[in-house]
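Topology and contacts: notes
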Amino acid sequence: MKNAFAIVTLSALLSACATAPQLAPPVNTSAADVPPSGGAASGATVAAPVPAPAPAAASAPAPAPSGEVLTAGEAAPATPAVVLPKVELTSELVYRITKAELEFKQGNWQGPYITMLALAQQTRDPRLAQRATEMAMAAKQGAEALSAIRLWRGLAPDSDEAIQLQLGFLVNYPDLREAEQVFALRLKQLPQKSRPLAMFQMQQLLLHLKDKGATFALLERVLAPYDDMLESHLILAQSAFALNDAPRAYAEAERALAIKADSELAVLTKAQVSGSLDKALAVLSDFLARHPHAQEVRAAYARILIDAKQVDAAREQFLTLLKDQPDNLATLYSLGAMAMQSNDLVHAEKYLSRYVELLAQQPNDERDPSKVLIILSQIAEHRGDLAAAYNWLDQIEEGDDKDYLAARLKMAQLTARQGKVDEARAQLAALKPSDQNDQAQVFLVDAQLLRDAGDVLTAFVVLENANKRFPGNPDLLYEFALLAEKLGQVELMEKTLRQVMIAAPDNQQAYNALGYSLAERNERLPEAYSLIDKALKMAPGDPYIMDSMGWVQYRMGNLDEAEAMLRQAYAVRKDAEIAVHLGEVLFVKGDQAGARKLWQEAQRKDPQNDVLKSTLARLKQSL
């Protein structure tokens, strides 16, 4: 059940924790940099002016899991300050450091590395060993970096930064014995309050190892002295689970709960390793009966209910969460998404608009509201509030290029729908995307605005020019073909659609458009059928392609097959044109009442529909 549902793993709690070091260039430094705070010793002799090192990759403290290690608002225990030696600041020392830094900036790493390493051994200053480490890492010299780290640790045994980097290198070596020794020593030396965080950091560092058996064995040995700690058993449960040892994982999770019966992290782990959705639901349901205010557990319970297709029960759980925490972003988003899925647009708008409102009050939050703003715009457009739809999109910031462009294109379309075509085109002209595909999209929307406004000829000219600028773009070619047909240039339409088929062989719409055009003109019907059949195989559930297939069947005289296909298409999408086609088939079969009912439905949906008008005129019918 590894991928059955989303439960936070122990390692996910440590996104800010140590990771294996990346051999990337450090921040530029120079000999003139100020030593780190607290680096100067008292008296006439001062610490050597060593360049301030770039921050190590693993120095940020990780959050405590679910408040079970650190109390709310409490910071992680501070790392003991590194005691720097008293070093006489001589001109020779300054010269050698400066020379090494200049050579390093010129692309030479080996000489500067050796100089820094030698000076570190001579002065006993750990910052020089740290700088040697950074030089080796920038040069992607792993063995040399590890040698420098070992010296750094010897000079500053309490440096958590050095320990993290050393472990990051050691866990990448096939022989894990040295890493195990460092892990064990570190846990032993830390105060009890700091051990849980260090344990989780250790787990994070070992996550990438392929030999899960060796990883589990190492963890078992290192954590053995801490059998009374909740965190030990949680980490062992996760590691056993990765090893596919479900019984051991479950047993370790139960031992964690025995140590702390109200631990949300422990019960989430137990649910995750339980082996099935039903067992996970039972584990969490039992825990919630005893601890009804366990928010993380209830959220996980709701997510699993969704995976188990128990949507109504999941919604009730999210509503319970919302009562306790009415401004919880994750809960509001989940309820909004569920409402959208069930087409409950009223509640979807309620929850998602509140989500966006709260997000605006938390400018440092990493969540991007763009997708939600697009959904809210679609809801507003669905109910006919074009101004609200426009305003939602206008809140999408320029940071996300794709969402921003999509929003601006849609805003222009909304402007045009309000009869302001010139203003809409001006909005498009103001867009300056750098990507050529995005530039082509702007031309495409411009042509569509003109087409919808009835200016087909200008739209045709816009796309003719766009195709010269962006030759071979399937979207531009496809739209150009449709406009060519509207202007009666059937040969150009067919030629262009065949270009689309070459440029994008999987573009089902090109096959469908050409097939439908032939069927509509009652020409080359076997070829029309073949083209539409190919399109339908590419997109079996597309109601518009199904409509084309029903229409070509009708043209070929297969009235029963035509009716069946058109009814299927209309069941998928209540489109006016599909209704007109199905009505004509029924009319020809003698069901005039059924035909009239469908035509009336089409008229209510789209009173100005050209296909409806032409069909009624051709059949000499009126509504």
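Residues numbered from 1 in each chain as written. Predicted model: local features only at pLDDT ≥ 70, side-chain atom pairs only at ≥ 80, totals over all residues. Heavy atoms only, no water.

Here we look at the overall build of the chain
- In terms of helices and strands, the chain carries 31 helices and 0 strands.
- Across the chain, contacts joining residues at least 24 apart in sequence account for 55% of those joining residues at least 6 apart.
- Accessible surface, the chain as shown: approximately 30,500 Å² in total, 52% of it carbon and sulfur. (Helix = DSSP H or I, 4+ residues; strand = E, 2+ residues; numbered from the N terminus. Contact = heavy atoms within 4.5 Å. Areas by Shrake-Rupley, 256 points an atom, 1.4 Å probe, with all protein chains shown as cover.)

Quick notes on unusual backbone geometry
- Although it is not a glycine, Lys-309 sits at a positive phi angle of roughly 65°.
- With respect to the helices and strands, the residue Lys-309 is situated in the loop between α13 (295-307) and α14 (311-324).
- A positive phi is found at Asn-343, a non-glycine position, where the angle reads about 65°.
- Positionally, Asn-343 belongs in the loop between α15 (329-341) and α16 (345-360).

A word on the environment of Ile-306
- Relative to the helices and strands, Ile-306 resides in helix α13.
- Between the C-alpha atom of Ile-306 and that of Met-338, which follows or precedes it by 32 residues, the distance is 9.3 Å.

So, the nonpolar core
- Leu-476, Leu-497, Leu-514, Val-552 and Trp-599 are the most contacted members of the largest nonpolar core, which totals 62 residues.
- Counting residues per element, this core draws most heavily on helix α29 (residues 576-588), which supplies 8 residues.
- Excluding residues within four positions of it along the chain, Trp-599 makes contact with Ala-579, Val-580, Gly-583, Glu-584, Phe-587, Leu-612, Thr-615, Leu-616, Leu-619, Gln-621 and Leu-623. (Core = buried A, V, L, I, M, F, W, Y, C linked by side-chain atoms within 4.5 Å. Buried < 20%, exposed > 50% of the residue type's maximum accessible area, 1.4 Å probe, protein only.)

A short note on the pattern of salt bridges
- Taken as a whole, this structure holds 36 salt bridges when the rule is applied.
- Close ionic contact of Glu-134 with Arg-131 constitutes a salt bridge, the shortest N to O distance being 2.9 Å. Of this pair, Glu-134 and Arg-131 both sit in helix α3 (residues 126-138), 3 residues apart, which is roughly one turn of that helix. The pair formed by Glu-134 and Arg-131 is uniform in burial state, with each residue classed as buried.
- Salt bridges here are not isolated pairs; linked through shared partners, they connect Glu-494, Arg-498, Arg-524 and Glu-527. (Salt bridge = Lys/Arg side-chain N within 4 Å of Asp/Glu carboxyl O.)

Section: a nonpolar patch on the surface
- Together, Leu-457, Val-461 and Leu-487 give the surface a local cluster of nonpolar side chains, amounting to about 240 Å² of exposed area.
- On the secondary structure map, Val-461 appears in helix α22 (residues 456-469). (Patch = residues over 30% accessible without salt bridge, like charges linked within 9 Å, V, L, I, M, F, W, Y side chains within 5 Å.)

Comments concerning α29
- Compared with an ideal rise of 1.5 Å per residue, which puts 13 residues at 18 Å, α29 spans 19 Å between its outermost C-alpha atoms and is within 8% of the ideal.
- With respect to burial, α29 is a largely interior element, 11 of its 13 residues being buried.
- Turning to α29, its buried residues are Ala-576, Ile-578, Ala-579, Val-580, His-581, Leu-582, Gly-583, Glu-584, Val-585, Leu-586 and Phe-587.
- Packed against the buried residues of α29 are α25 (508-520), α27 (543-555), α28 (559-572), α30 (592-605) and α31 (610-618).
- At the N-terminal boundary of α29, the capping side chain belongs to Asp-575, with an oxygen 3.0 Å from the backbone nitrogen of Glu-577.
- Trailing α29 by a residue or two, Gly-590 shows a phi angle of about 100°, which is positive. (Expected span 1.5 Å × (residues − 1). Polar contact = N/O pair within 3.5 Å; in protein donor to acceptor, adjacent residues only side chain to side chain.)

Regarding the packing of α14 against α15
- Where α14 meets α15, the axes come as close as 10 Å, and the angle between the chain directions of the two elements is 150°. Of the possible angle classes, the one that applies to α14 and α15 is roughly antiparallel. Judged by the sense of rotation from one axis to the other, the crossing of α14 with α15 is left-handed. Contacts from Val-311, Ala-314, Arg-315, Phe-318, Leu-319, Leu-321 and Leu-322 in α14 reach Thr-331, Leu-332, Ser-334, Leu-335 and Met-338 in α15.
- Along the lines of polarity and charge, the residues of the contact of α14 with α15 split into 9 nonpolar, 2 polar and 1 charged. (Axes fitted to C-alpha atoms, helices over the stretch in contact; angles between N-to-C directions. Parallel < 35°, antiparallel > 145°, perpendicular 65-115°, else oblique. Left-handed = near helix turned anticlockwise from the far one by under 90°. Nonpolar A, V, L, I, M, F, W, Y, C, P; charged D, E, K, R; others polar.)

What about the packing of aromatic side chains?
- Counted by the stated rule, this structure contains 6 aromatic pairs.
- When the ring of Tyr-333 is compared with that of Tyr-355, the centres are 5.5 Å apart and the planes differ by 50°; the resulting orientation is tilted. One end of the pair, Tyr-333, is in helix α15; the other, Tyr-355, is in helix α16, with 22 residues separating them in the sequence.
- The exposure class assigned to Tyr-333 is partly exposed, which follows from its relative accessible area of 40%. (Phe/Tyr/Trp six-rings, centres within 6.5 Å; stacked < 30°, edge-to-face > 60°.)

Topic: the packing of α25 against helix α26 (residues 525-538)
- With their axes 8 Å apart at the nearest point, α25 and α26 run at an angle of 150° to one another. Taken together, the axes of α25 and α26 lie roughly antiparallel to each other. For the pair α25 and α26, the sense of crossing is left-handed. Here α25 contributes Gln-508, Tyr-511, Asn-512, Leu-514, Gly-515, Tyr-516, Leu-518 and Ala-519 to the contact with α26, which in turn contributes Leu-525, Glu-527, Ala-528, Leu-531, Ile-532, Lys-534, Ala-535 and Met-538.
- The class makeup of the residues in the contact of α25 with α26 is 11 nonpolar, 3 polar and 2 charged.

Digging into the side chain of Thr-331
- Topologically, Thr-331 is positioned in helix α15.
- On the accessibility criterion, Thr-331 (5% relative accessible area) is buried.
- Aside from chain neighbours lying at most four places away, what touches Thr-331 is Phe-318, Leu-321 and Leu-322.

Thoughts on the environment of Gln-121
- Examined against the element boundaries, Gln-121 turns out to sit in helix α2 (residues 110-123).
- Between the C-alpha atom of Gln-121 and that of Leu-151, which follows or precedes it by 30 residues, the distance is 7.9 Å.

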